[in-house]
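# Structural characterization, general
As a plain string of letters, each chain reads:
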Amino acid sequence: MRRRLHHGDVDGKKHEHLVGADLDDLNEPLLGNNEDYKANQLEVQKLEDIFYDEKSKERLHWTFLFSHIISEWAQWLAKLLLGSGSFIARILTLPSTIGSGPTKKFLPPLLTPLQESRLRTLQKRLEVPFDGSCLEHQDALRKLWRSAYPNRELPGLKSEVWKDMGWQGNDPSTDFRGGGFISLENLIFFAHTYPEAFQNLLNKKEGNRAEWEYPFAVAGINISFMLVQMLDIQSGLPTSLSGVHFLQFLSNDESAFDELYCVAFKLMDAHWLARRASYMEFNEVIKSTRMQLERELAIEDVTSVKDLPAYNLLRR
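Predicted, not measured: the structure shown is a model, and the values here were computed from it. (Residues numbered from 1 in each chain as written. Predicted model: local features only at pLDDT ≥ 70, side-chain atom pairs only at ≥ 80, totals over all residues. Heavy atoms only, no water.)

## Remarks on the environment of Ser159
Threshold: Numbering of helices and strands starts at the N terminus; helices are DSSP runs of H or I of at least 4 residues and strands are runs of E of at least 2. Any residue under 20% of the maximum accessible area for its type is buried, any over 50% is exposed, and the rest in between are partly exposed; the area is computed with a 1.4 Å probe on protein chains only. Any two residues having at least one pair of non-hydrogen atoms within 4.5 Å are treated as being in contact.
Along the polypeptide, Ser159 turns up in the loop between α4 (135–148) and α5 (180–193). On the accessibility criterion, Ser159 (16% relative accessible area) is buried. A sequence separation of 12 residues divides Ser159 from Asp171, and the C-alpha atoms of the two residues are 6.6 Å apart. Contacts of Ser159, omitting those with residues within four sequence positions, involve Gly169 and Asn170.

## So, unusual backbone geometry
The phi dihedral of Lys204 falls on the positive side, at around 50°, and the residue is not glycine. Relative to the helices and strands, Lys204 is located in the loop between α6 (195–202) and α7 (216–231). Of note in the backbone geometry, Arg276 takes a positive phi value of approximately 50° without being a glycine. Among the secondary structure elements, Arg276 is positioned in the loop between α9 (256–275) and α10 (282–297).

## Quick word on the packing of aromatic side chains
Note the following rule: Here a Phe, Tyr or Trp ring, Trp counted by its six-membered ring, pairs with any other such ring whose centre lies within 6.5 Å, and the pair is stacked when the planes are under 30 degrees apart, edge-to-face when over 60, and tilted otherwise. To sit over a ring, a charge needs its Lys NZ or Arg CZ within 6 Å of the ring centre and within 35 degrees of the ring normal.
Within this structure, the stated rule accounts for 15 aromatic pairs. Each ring, one from Phe190 and one from Phe265, has its centre 5.8 Å from the other, and the planes form 45°; the classification is tilted. Placement of the pair is Phe190 in helix α5 and Phe265 in helix α9, with a sequence separation of 75 residues. Relative to Phe216, the ring of Phe198 lies with its centre 5.2 Å away and its plane at 85°, an arrangement referred to as edge-to-face. Taken as a pair, Phe198 in helix α6 and Phe216 in helix α7 lie far apart in primary sequence, 18 residues in all. The exposure classification of Phe198 matches that of Phe216, with both residues buried. Here the guanidinium or amino end of Arg152 rests over the ring plane of Tyr149, the centre of that ring lying 4.6 Å away. Sitting over the face of the ring of Tyr214, Lys204 holds its NZ or CZ atom 4.4 Å from the ring centroid.

Shape descriptors only; they carry no functional weight alone.
Structure below.
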């Protein structure tokens, strides 16, 4: 209700009377009920929607930009902290131990993609058994003979002449057993990479030899088998200290296992001569050879096979 005061009423009391306004008028906007107002309201709403959309687009743009910058910064920081040679990377690659004493195991460090690839390649080689019926394996055996005896006639795959190289019978394929095809590859690598050292061992040219010498070829197969056991690389990641350190060798040289084989063979012969051993002591010589290799692999500054003290035996 609205109260009106007539001009004749001085005190606003005597002649005061009320005028009722239609209650429906209260439902109308105070500024009037007209089409201009509605249109104006719609225009305001549109402007607000446009402004909101622009703000949303701008917010999304800056969110994407900052996310991209953070991602790039994180990648740069990771390369800086974990790159090869960095202090933190060295800490992360230090082996951790589990247990103690003879049963002590080591947690392998994080592998680089290169180490992982080379370890997988090596493990695939270890899975291949020697197959006397395989043409590739037969050719490899002939290749070894030509490397060992370049001036001698190539014998058949079954011949008594093979005993001259240190095979136990007339069929070399029967001697591989657990050594697998990789043990033949090791012998061929030795013959081609260090021909002088190979010939000296094959023909027992150094030191005072025993009357009952170790058979060269069979000894080579045993050395391959010993290295696989020592490095613990047959499947999965190595958990022996020697195996964990060997992973560093792989990152520096994909032929690290073959190189280590050559060192081990030469070292085994040095132990054989030092002990003045005979055939029946061969297993003891293998054990002492393994122990020295494990000690040398544990040396902190050794990062490749050529850093091993025993590597110098190949240069003599």
